[in-house]
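Next come the chains, spelled out residue by residue.
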Amino acid sequence: MTELINVVGGAVLDSLSAPARLLVARRTAPPQFAGMWEFPGGKVERGGSRKCPAPGAP
């Protein structure tokens, strides 16, 4: 069985009541995903949680 990896993602909007803009990033690597769009996020680090995925990060 493959080990599960916890990941988190975020949606950053300019307004919750009337959103008009959304922050996303355009990928540059790996080559098969270059040019595609993604939400900010990533793996939950050891000792982290969904609320604080990278403990000690600024």
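The coordinates are above.
Quick caveat, the model's predicted, so the values are computed rather than measured. (Residues numbered from 1 in each chain as written. Predicted model: local features only at pLDDT ≥ 70, side-chain atom pairs only at ≥ 80, totals over all residues. Heavy atoms only, no water.)

## Structural notes on the overall build of the protein
Looking only at helices and strands, the protein features 0 helices and 6 strands. Of the regular secondary structure in the protein, the N- to C-terminal order runs β-β-β-β-β-β. The proportion of buried residues among the 58 residues of the protein is 0%. When the accessible surface of the protein is totalled, it reaches about 5400 Å², and 59% of it is carbon and sulfur. (Helix = DSSP H or I, 4+ residues; strand = E, 2+ residues; numbered from the N terminus. Buried < 20%, exposed > 50% of the residue type's maximum accessible area, 1.4 Å probe, protein only. Areas by Shrake-Rupley, 256 points an atom, 1.4 Å probe, with all protein chains shown as cover.)

## Re a nonpolar patch on the surface
The grouping of Leu13, Leu16, Leu22, Val24, Trp37 and Phe39 at the surface amounts to a nonpolar patch, some 640 Å² of accessible area in total. Mapped onto the elements of the fold, tryptophan 37 is located in strand E5 (residues 37-38). (Patch = residues over 30% accessible without salt bridge, like charges linked within 9 Å, V, L, I, M, F, W, Y side chains within 5 Å. Salt bridge = Lys/Arg side-chain N within 4 Å of Asp/Glu carboxyl O.)

## Overview of the environment of glycine 42
Looking at the element boundaries, glycine 42 is found in strand E6 (residues 41-43). Overall, glycine 42 belongs to the partly exposed group, its relative accessible area being 28%. Here the alpha-carbon distance between glycine 42 and glycine 10, two residues 32 residues apart in the chain, equals 9.5 Å.

## Brief notes about the pattern of salt bridges
Side chains that differ in sign of charge can pair as their charged atoms come close. Counting across every chain of the model gives 2 salt bridges. Among the ionic pairs, arginine 21 bridges to aspartate 14, the shortest N-O distance being 3.6 Å. The exposed category is assigned to arginine 21, whose relative accessible area is 60%. The partly exposed category is assigned to aspartate 14, whose relative accessible area is 38%. Residues glutamate 38 and arginine 27 are paired through a salt bridge, measuring 3.1 Å at the closest nitrogen-oxygen approach. On the criterion of sequence distance, the pair formed by glutamate 38 in strand E5 and arginine 27 in the loop between strand E4 (25-26) and E5 is long-range, its members being 11 residues apart.

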